[in-house]
Amino acid sequence: MSASVKSLLSTLTGRGPHRVLRGNLAIAGQPGVVCTPESGLNLPAVAFGHGWLTGVAQYRGLLEHLASWGIVAAAPDTERGPIPSHLGLAADLLTTLDICTGVRLGDGAISVHPERLALVGHGMGAGAAAIAAAQRRVAAVAALFPAPTAPSTETLAPDLDVPALILAGATDITSVSSNAIPLATAWGGRAILRAIDGASHNGIIEGRRVLSAVGAGKHEPKTARTTRAMLAGYLLATLAGDKAYRSFADPEETIPHTKVIDPDAPREEEPPKLKVGQLAALLRR
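Residues numbered from 1 in each chain as written. Predicted model: local features only at pLDDT ≥ 70, side-chain atom pairs only at ≥ 80, totals over all residues. Heavy atoms only, no water.

Engineer: How should the pairing of strand β8 (residues 191-196) be read in this particular structure?
Structural biologist: Two faces belong to every sheet, and in a regular strand the side chains alternate between them. Along β8, five of the six residues are buried, which leaves the element largely enclosed by surrounding structure. In the sheet, strand β7 (residues 164-169) pairs with β8 via six bridges, with the strands oriented parallel. Residue pairing across strands places G169 opposite I196, the latter belonging to β8. With three bridges connecting them, β8 and strand β9 (residues 258-260) associate as antiparallel partners. Each residue of the ladder has a partner; that of I196, found in β9, is T258. (Buried < 20%, exposed > 50% of the residue type's maximum accessible area, 1.4 Å probe, protein only. Helix = DSSP H or I, 4+ residues; strand = E, 2+ residues; numbered from the N terminus. Pairing = 2+ DSSP bridges.)

Engineer: I keep staring at the sheet that holds strand β4 (residues 72-76) and nothing clicks. Help me out?
Structural biologist: In sheet architecture, strand pairing relies on hydrogen bonds along the backbone and comes in two forms, parallel and antiparallel. Overall, mixed pairing links the nine strands, which are arranged β1-β2-β4-β3-β5-β6-β7-β8-β9 in an open sheet. Strands with a single pairing partner mark the edges of an open sheet, and in this sheet they are β1 (20-24) and β9. Neighbour-to-neighbour, the strand axes of this sheet turn through a mean angle of 20°, independent of strand direction. Seen against the sheet, helix α2 (residues 60-68) touches β1, β2 (32-37), β3 (40-49), β4 and β6 (140-144) and runs at an angle of roughly 30° to β2. (Axes fitted to C-alpha atoms, helices over the stretch in contact; angles between N-to-C directions. Contact = heavy atoms within 4.5 Å.)

Engineer: I keep staring at helix α4 (residues 124-133) and nothing clicks. Help me out?
Structural biologist: Because an α-helix completes one turn every 3.6 residues, residues spaced three or four positions apart along the sequence face the same direction. Counting buried positions over the 10 residues of α4 gives 10, a clear majority of the element. When we look at burial in α4, the residues that qualify are M124, G125, A126, G127, A128, A129, A130, I131, A132 and A133. Those residues of α4 that are buried lie in contact with β3, α3 (86-102), β5 (110-122), β6 and α5 (153-156).

Engineer: Which parts of the structure should I look at to understand the packing of aromatic side chains?
Structural biologist: Any pair of aromatic rings gets described here by the distance separating the centres and the angle formed by the planes. For the coordinates displayed, the defined rule picks out three aromatic pairs. Residues F48 and Y59 carry aromatic rings whose centres are separated by 4.9 Å and whose planes lie at 55° to one another, so their mutual orientation is tilted. Placement of the pair is F48 in strand β3 and Y59 in the loop between β3 and α2, with a sequence separation of 11 residues. When the ring of W69 is compared with that of Y245, the centres are 6.5 Å apart and the planes differ by 75°; the resulting orientation is edge-to-face. With W69 in the loop between α2 and β4 and Y245 in the loop between α7 (221-238) and β9, this pair connects stretches of sequence that are 176 residues apart. (Phe/Tyr/Trp six-rings, centres within 6.5 Å; stacked < 30°, edge-to-face > 60°.)

Engineer: Hey, could you run me through unusual backbone geometry in this one?
Structural biologist: Excluding glycine, residues mostly have negative phi values, and the peptide bonds linking residues are mostly trans. Going from A150 to P151, the amide bond is cis rather than trans, its omega being 0°. Of note, P151 is situated in the loop between β6 and α5. One non-glycine residue, N42, adopts positive backbone phi at about 55°. Given the relative accessible area of 40%, N42 is considered partly exposed. At H257, a position not held by glycine, the phi torsion is positive, near 70°. Assignment of secondary structure puts H257 in the loop between α7 and β9. The partly exposed category is assigned to H257, whose relative accessible area is 37%.

Written out as C-alpha cells, the structure is:
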C-alpha cells in the first residue's frame, strides 16, 4: 500500500470541494431527490437504489458526499414497502438517469454527460441497479452490500460486461442476506469485490429505521465513512476519468480497512448451527 492511497482514502472520507445543492425529482415526475455540485457541465451522474424498508432520507449523507466530489447523485424514493418490486425500482433508476441527462439541473449551470453514467445501489437497490444495467448500458455499476433479488442478479450478471465495484461487509459476506460472492463470480465484466473490515450489510443506513427497534440495521459510522470514500474514489476513476483515483478501480491495490476477495477461491463450509434441543442434549452428556 502506497502512502498516496492512504492519503487519498483519508481525503475522500471528508467532504469534497463543491458546495452541494439538493432538489426534488418529483418536479420531473419521479418521486425522489437529486444532489448536485453547485455548478459544472458534462458532469458524471449516478442513479442510486435504496435498500429494503428504507427510503432516500436514510442515504442523504451518502448522496451529498458524492455531490461534494462533483458527481450528480439522484435517487428514486419508491418501492419502500415490505414487498417491493425489484423490477419496478430498476425501471425508476433508468427514469432517474433520463432525468439527469435530459433536464438542465439547478439554474441551468449544471449538466450531465450522457456517457458518464453509473447505476449504484444498496442491498436490494444494488440488485435493482444490476437489473437496470442489463437493460441499458452504463459506464459502471457499484453494488453496495448487495442482497438477493427477483429476478436473480446472478442470472443477469454474465451478460454485464461493464466494470463493477462490489462492496460487502466482512462480518456477513457469507450470510443469506448477501449475494456479493455469487454476484462477483457471475459478473461478465471486470468486477472488484472488496470486504470492508468490521462492517455489516446495513451499516451505511443513516438515522432511524423500521427494523432498528429489534436491533437490526444499526448505523455504523466507520462503515459509512469507508463506503463513501471507496465509492467516490471508484466513480471519480471510472466516470470522471481522474487518474489520481485509479487505485480505487485497481483490484491489485491494497486499500486500508478493506480486503479484496477472490470470489472463485475455495471456502470452508461453516459447521451447521445447533438447534436449542440439540444443544441441550449435548450439555446433558
